[in-house]
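Summary of the model geometry
Chain by chain, the residues:
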Amino acid sequence: MPAGRVAGKAGYSNYYHNGRSYVGINEEIMWVSIGMGVTIVLLITIALCYIAREKCQKRQREYYVTA
């Protein structure tokens, strides 16, 4: 008996169903995922900059109060 996976092909293949190619859908999903990843990274960067700015302003206020 063969061991391992025997059904399907290994690697990348174009899948057709009812005369339609799903390669375009996979590519669209890939680009949407990349766009979402970039958006998430951008939002995290903005949040970290905001937190750093708040900490910096807090230190300056404490310096002027104690000085």
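Residues numbered from 1 in each chain as written. Predicted model: local features only at pLDDT ≥ 70, side-chain atom pairs only at ≥ 80, totals over all residues. Heavy atoms only, no water.

1. Some thoughts on the overall build of the protein chain
Put simply, the rule reads: Under the DSSP-based scheme used, a helix requires at least four consecutive residues in state H or I and a strand at least two consecutive residues in state E, with every element numbered from the N terminus. Accessibility here uses a 1.4 Å probe with only protein chains present; expressed as a share of the type maximum, an area under 20% marks a residue as buried, one over 50% as exposed, and anything in between as partly exposed. Only the protein chains shown count as cover for residues, and all accessible areas are computed by the Shrake-Rupley method using a 1.4 Å probe.
A tally of regular secondary structure across the protein chain gives one helix and two strands. Walking the protein chain from its N terminus toward its C terminus, one meets helices and strands in the order β-β-α. Residues counted as buried form 0% of the 67 residues belonging to the protein chain. For the protein chain, the computed accessible surface area is about 6,700 Å², with 64% contributed by carbon and sulfur atoms.

2. Side note on a nonpolar patch on the surface
Rule in force here: Patches here: salt-bridge-free residues with over 30% relative accessible area, like charges joined within 9 Å, nonpolar side chains (Val, Leu, Ile, Met, Phe, Trp, Tyr) joined within 5 Å. The working definition used for a salt bridge is a side-chain nitrogen of Lys or Arg within 4 Å of a carboxyl oxygen of Asp or Glu.
Taken together, the side chains of I40, I44, L48, Y50 and I51 define a hydrophobic patch exposed on the protein surface, amounting to about 510 Å² of accessible area. Mapping Y50 onto the fold places it in helix α1 (residues 23-66).

3. Points about a positive patch on the surface
To keep things clear, this is the line we draw: By the counting scheme adopted, Arg and Lys are positive, Glu and Asp are negative, and His together with the chain ends is not counted. Taken as the charge centre is NZ of Lys, CZ of Arg, CG of Asp or CD of Glu, depending on the residue.
Together, K55, K58, R59 and R61 make up a region of like positive charge exposed at the surface. Relative to the elements of secondary structure, K58 occurs in helix α1.

4. As for the confidence of the model for the protein chain
The criterion, for reference: The predictor reports its confidence for every residue as pLDDT, a score running from 0 up to 100.
In the predicted model, the protein chain carries a mean pLDDT of 77, and the fraction of residues at 70 or more is 58%. Mean pLDDT per element in the protein chain: strand β1 (residues 16-17) is the minimum at 56, and α1 is the maximum at 88.

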